[in-house]
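Spelled out from the first residue to the last, the chains are:
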Amino acid sequence: MSAIRELLSCIGPTCGDSVDWGAAEKLYGKPFPGDYQAFAAAFGGGSIEQVVGIRMPAVTPDELHGNTVSRISEAALADEAVNRWRPSEQGRHRLEDLLIWGETAAADTLCWITADPDPDRWPVAVYSRGNLEWSVYSCGMAEFLLKLLRNEWQPWPISDASLQDMADPRFLHDKDEAAGWESGSDPWE
């Protein structure tokens, strides 16, 4: 979990979320990666500079329709552009094995490829809306975010480049952001 410790030093802790991981595993039919569980406890659902949004899992079927971890929709599965995978050393992956854990302000999709029974070995897949292509990264969610915040990806993996070279990126929990907007102030200022 060194990536989580390093993320804490980059964007600081927030209130975190308490997740019933047993209920989430039952609902999704799969356990979740350890780094993601640690991220949820330290940060929770929210966004980094309104650029990268991180979703939390649903724990009841009623929650699946909100902004929670989800599978790719039937409409997206039918989209020709979404179905194009860029060739990679890992070969072609099934879209049905993707589980969305985040998105970007530029409408990119951040997923895990859940084919491996060990969730700690799930690579990250990014659908770049700007390039209309998929890329696969052989790391977990926390390491992916850490490299993003440190500007260590070449080429840059998401369509929005505003995090590149940002000195002090901030994370804001969804609840804190909503409370700021409800009070009539911009919580990002």
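So, here's what we can say about the structure. (Residues numbered from 1 in each chain as written. Predicted model: local features only at pLDDT ≥ 70, side-chain atom pairs only at ≥ 80, totals over all residues. Heavy atoms only, no water.)

**Some details on the nonpolar core**
Part 1: Residues Phe32, Val52, Ile54, Trp101, Trp112, Phe144 and Leu145 are the most contacted members of the largest nonpolar core, which totals 36 residues.
Part 2: Among the elements of the structure, α2 (21–28), α3 (34–42), β2 (52–54), β4 (98–104), β5 (109–113), β6 (124–128) and α5 (141–149) are those that each provide at least two residues to this core.
Part 3: At 5 residues, α5 tops the list of elements feeding residues into this core.
Part 4: The residues contacting Phe32, other than those within four sequence positions of it, are Trp21, Ala24, Glu25, Gln37, Pro57, Val69, Leu99, Trp112 and Pro119.
Part 5: Counting residues in each nonpolar core, the second largest holds 11 residues, with Leu98, Ala125, Trp134 and Val136 among its members. (Core = buried A, V, L, I, M, F, W, Y, C linked by side-chain atoms within 4.5 Å. Buried < 20%, exposed > 50% of the residue type's maximum accessible area, 1.4 Å probe, protein only. Helix = DSSP H or I, 4+ residues; strand = E, 2+ residues; numbered from the N terminus. Contact = heavy atoms within 4.5 Å.)

**Structural notes on the packing of aromatic side chains**
Part 1: In this structure the tally under the stated criterion is 16 aromatic pairs.
Part 2: With centroids separated by 6.4 Å and ring planes inclined at 75°, the aromatic side chains of Trp101 and Phe144 adopt a geometry described as edge-to-face. One end of the pair, Trp101, is in strand β4; the other, Phe144, is in helix α5, with 43 residues separating them in the sequence.
Part 3: According to the relative accessible area criterion, Trp101 is buried, its value standing at 0%.
Part 4: The class for Phe144 is buried, based on a relative accessible area of 0%. (Phe/Tyr/Trp six-rings, centres within 6.5 Å; stacked < 30°, edge-to-face > 60°.)

**Observations regarding unusual backbone geometry**
Part 1: Cis peptide bonds are those with omega within 30 degrees of zero, and the linkage from Gln154 to Pro155 qualifies with 0°.
Part 2: Within the secondary structure layout, Pro155 lies in the loop between α5 and β8 (171–173).
Part 3: Phi is positive for Gln50, close to 60°, though the residue is something other than glycine.
Part 4: The residue Gln50 is located in the loop between β1 (46–48) and β2 in this model.
Part 5: Positive phi values are uncommon outside glycine, yet Ala107 reaches one of about 70°.
Part 6: On the secondary structure map, Ala107 appears in the loop between β4 and β5.

**Some remarks on the pattern of salt bridges**
Part 1: Taken as a whole, this structure holds 5 salt bridges when the rule is applied.
Part 2: Ionic pairing is found between Asp116 and Arg121, a salt bridge with its closest N-O pair at 2.9 Å.
Part 3: A residue is classified by how much of its surface remains accessible, and Arg121, at 54% relative accessible area, is exposed.
Part 4: Between Lys147 and Glu143 there is a salt bridge; the shortest N-O distance is 3.4 Å. Of this pair, Lys147 and Glu143 both sit in helix α5, 4 residues apart, which is roughly one turn of the helix.
Part 5: Judged by its relative accessible area of 33%, Glu143 falls in the partly exposed class. (Salt bridge = Lys/Arg side-chain N within 4 Å of Asp/Glu carboxyl O.)

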